[in-house]
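Geometric and topological summary
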Amino acid sequence: MRRFKPGLVVILLALIFNPVQAGRERISIESEQGGYTQEDIETEILFGREMSAIILADRPLSSNATLNLYLNLVGRSILLHANRPELNFYFALVESPQINAYAAPGGYIFITTGALELMQNEAELAGVLAHEIAHIADRHIVNALKIQAKDDSATRLVGIMIGGSSESANVIFDQAVGQALDLLFSKGLKVIDEYNADSQGILMAALAGYDPMAYIRYLERVKPLIESTGGEISSTHPPFTERLNRLYQMVDKEGIASLGRF
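Parameters and conventions
Residues numbered from 1 in each chain as written. Predicted model: local features only at pLDDT ≥ 70, side-chain atom pairs only at ≥ 80, totals over all residues. Heavy atoms only, no water. Helix = DSSP H or I, 4+ residues; strand = E, 2+ residues; numbered from the N terminus. Buried < 20%, exposed > 50% of the residue type's maximum accessible area, 1.4 Å probe, protein only. Expected span 1.5 Å × (residues − 1). Arc of directions from axis to C-beta. Pairing = 2+ DSSP bridges. pLDDT = per-residue confidence, 0-100. Contact = heavy atoms within 4.5 Å. Salt bridge = Lys/Arg side-chain N within 4 Å of Asp/Glu carboxyl O.

The subject of this paragraph is unusual backbone geometry. Trans peptide bonds make up most of the peptide bonds, and negative phi angles are found at most residues other than glycine. Unlike most non-glycine residues, Arg139 shows phi in positive territory, near 55°. By secondary structure assignment, the location of Arg139 is in the loop between helix 5 (122–137) and helix 6 (140–145). Owing to a relative accessible area of 5%, Arg139 belongs among the buried residues under this scheme. One non-glycine residue with positive phi stands out, namely Lys146, at about 55°. By the secondary structure assignment, Lys146 is in the loop between helix 6 and strand 5 (147–148). The partly exposed category is assigned to Lys146, whose relative accessible area is 40%.

Laid out in structure tokens, this is it:
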């Protein structure tokens, strides 16, 4: 098992670029998202912030400041190739034996100590972070729960009322946050969303200079552990065999296997 040991320069750079903002380079991906307003973005951030507070209450932030700074530096390199320049992103290591990572709307990304301990190099970490960035960039939870600043439909979160004194608005908000957490930890997102996050993430990692095959190698290493012991990821993600098959097909089709440099 190989553990990360970031050097002083890495730590200083991470201090400078924390939080980090997505770059403006656009990548074409399969997405259901339509147009959204500045108010929608503000609602998305507020929603993700509330989700993140609950996640951190259950899975404490790691006390390893060096690793937390390192995650932000690696994340920044990938964000140069993401398509959400209006968001600040935050990356954090959380204490949990689960092999998993989570993305909350608005730019909040968490990776468990259990997942990090199984990684052998930075490229594998980049692949996992890129997968989570893709979930946020493509607004998967936002779209699944129809989170908007305002809407005429009674089934949609009336985000413009967030923070107000309306008891009904607070109830709606809390219910939506609960539904979003269920998606992360028990029910899972749409299967197509996970496939898209895989393919989009591997492309972003490659464009950032990382070996795109590293993410595939990580999934192959994790696969027998998850299949034998279960865990959150087994109930929230498609089967590893199908994910790996699709990734190999995507790599062959796009010819990106040799793009990464490290």
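Picking up where we left off.
What follows deals with helix 11 (residues 240–254). Residues three or four positions apart in an α-helix share a direction because the helix packs 3.6 residues into each turn. Given a rise of 1.5 Å per residue, 15 residues ought to cover 21 Å, and the 21 Å separating the end C-alpha atoms of helix 11 matches this to within 8%. Of the residues making up helix 11, those classed as buried are Phe240, Arg243, Leu244, Leu247, Met250 and Val251. Across the axial projection of helix 11, the buried residues extend over an arc of 125°, all falling on one side. In helix 11, the exposed positions that point more than 90 degrees away from the buried face belong to Gln249, Asp252 and Lys253. At the exit of helix 11 stands Gly255, carrying a positive phi of roughly 65°.

So, about the pairing of strand 2 (residues 88–94). Across the 7 residues of strand 2, 5 count as buried, placing the element largely inside the fold. Pairing of strand 2 with strand 4 (residues 108–112), which is carried by 5 bridges, proceeds in the parallel orientation. Following the sheet pairing, Leu93 is matched in strand 4 by Ile111.

Turning our attention to the confidence of the model for the chain. The predicted model of the chain has a mean per-residue pLDDT of 82, with 77% of residues at 70 or higher. Residue range residues 24–33 is modelled with pLDDT below 50. Its contacts to residues more than four positions away, or to other chains, number 28 contacts. Confidence drops under a pLDDT of 50 for residues 158–163, and excluding neighbours within four residues, the segment shows 13 contacts in the predicted structure.

Time to look at the environment of Ala126. Considering the arrangement of structural elements, one finds Ala126 in helix 5. In this structure, the C-alpha to C-alpha distance between Ala126 and Arg76, residues 50 residues apart in sequence, is 10.0 Å.

Another point: the pattern of salt bridges. Within the structure shown, the criterion is met by 9 salt bridges. Glu242 is the partner of Arg246 in a salt bridge, and the nearest nitrogen-oxygen pair spans 3.0 Å. A residue pair is termed a helical-turn pair when its members lie 3 or 4 positions apart in one helix, as Arg246 and Glu242 do in helix 11 at 4 residues. Relative accessible area serves as the criterion here: at 38%, Arg246 is assigned to the partly exposed category. Judged by its relative accessible area of 31%, Glu242 is partly exposed. What you see here is one network of salt bridges that share partners, running through Glu44, Arg84, Glu86 and Arg139.

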